[in-house]
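Read off the chains here:
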Amino acid sequence: STWGDVMGEGAFSAVCWFFGRNLHAALGRPIGLLHASYGGSALEDWMASEALHPPDGVGGPCPGPIPGSMGEPMQQFNGMVHPLFQTTVKGVPWYQGESNVGEYSNFTTAGTYSCRFEQL
C-alpha cells in the first residue's frame, strides 16, 4: 500500500478524519492515518489473546462473558492490529465496541467494558 490523500468521500469515518485534521492543525505537521475498523464489532474482537486469556489459564482480569460480535473474539486484532506492530503509532482514536451495549447493560457487568478497554 501507499500513502494517499483522504479527501475522497467514504475514505475514513468522520471521527477519524476530524481527529487527523485537528491534530494536523494543532501540531503543524503531516499526520498519517491508518484505517482499521469494522462496523458493529465488539471490544473483544480488537483484543489480543493474551489480554482475554492470560498464560496462567486463570482467565482475564475482567468479569463477564467474552462475546465476539463477528463469531470469534480477537478476530479484528489478528487481522488489523497485529500486522501494525512494526509501525510506530503515537495515538489511536477509539470508536469501536458499540455492539457491547447489550452485554454490559446490567449492574453486575457494567464495569466490564471499562476493565477490558484498559486491557487493549
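These numbers were taken from a predicted model, which means no experiment stands behind them. Along every chain, residues carry numbers that run from 1 in the direction the sequence is written. Reporting in this predicted model follows two pLDDT cut-offs: at least 70 for local features of residues, and 80 or more for side-chain atom pairs to be given and counted; totals over whole chains, interfaces and linings ignore these cut-offs and use all residues. To obtain the side-chain values, all non-hydrogen atoms of the structure were used and water was disregarded.

Participant: Which parts of the structure should I look at to understand the overall build of the chain?
Facilitator: The number of helices and strands found in the chain is four helices and zero strands. The way it works is that DSSP assigns letters per residue, a run of H or I at least four long becomes a helix, a run of E at least two long becomes a strand, and they are numbered from the N terminus. Helices (α) and strands (β) of the chain occur, in sequence order from the N terminus, as α-α-α-α. Residue burial is assigned from relative accessible area. The probe radius is 1.4 Å, only protein chains are included, and a residue is buried under 20% of its type maximum, exposed over 50%, and partly exposed in between. Buried positions account for 24% of the 120 residues belonging to the chain. Taking contacts inside the chain between residues at least 6 apart in sequence as the whole, the part at least 24 apart equals 66%. Accessible surface area values rest on a Shrake-Rupley calculation with a 1.4 Å probe, where residue burial reflects the displayed protein chains alone. Of the roughly 8,200 Å² that the chain leaves accessible, carbon and sulfur atoms contribute 57%. Should any heavy atoms of two residues lie within 4.5 Å, those residues are counted as being in contact.

Participant: Explain a nonpolar patch on the surface to me, please; I cannot follow it from the model alone.
Facilitator: Exposure above 30% relative accessible area and no salt bridge define the residues that can form patches, which grow by joining like charges within 9 Å and nonpolar side chains of Val, Leu, Ile, Met, Phe, Trp and Tyr within 5 Å. Definition used for salt bridges: Asp or Glu carboxyl oxygen within 4 Å of a side-chain nitrogen of Lys or Arg. A surface patch of nonpolar side chains, about 270 Å² in accessible area, is lined by Leu34, Val89 and Val92. Relative to the assigned elements, Val89 resides in the loop between helix H3 (75–81) and helix H4 (112–119).

Participant: Sorry if this is basic, but what is going on with the packing of aromatic side chains here?
Facilitator: In this description, an aromatic ring pair is defined by two values, namely the gap between the centres and the angle between the planes. Aromatic pairs are defined between Phe, Tyr and Trp rings, using the six-membered ring for Trp, whenever the two ring centres lie within 6.5 Å; interplanar angles under 30 degrees are classed as stacked, those over 60 as edge-to-face, and all others as tilted. In the structure shown here, the tally under the stated rule is two aromatic pairs. Pairing Trp17 with Phe18 gives two aromatic rings, centres 5.0 Å apart and planes at 90°, and the pair type is edge-to-face. Relative accessible area serves as the criterion here: at 40%, Phe18 is assigned to the partly exposed category. Ring centres of Phe77 and Phe85 lie 5.8 Å apart, and the angle between their planes is 70°; on these two criteria the pair is classed as edge-to-face.

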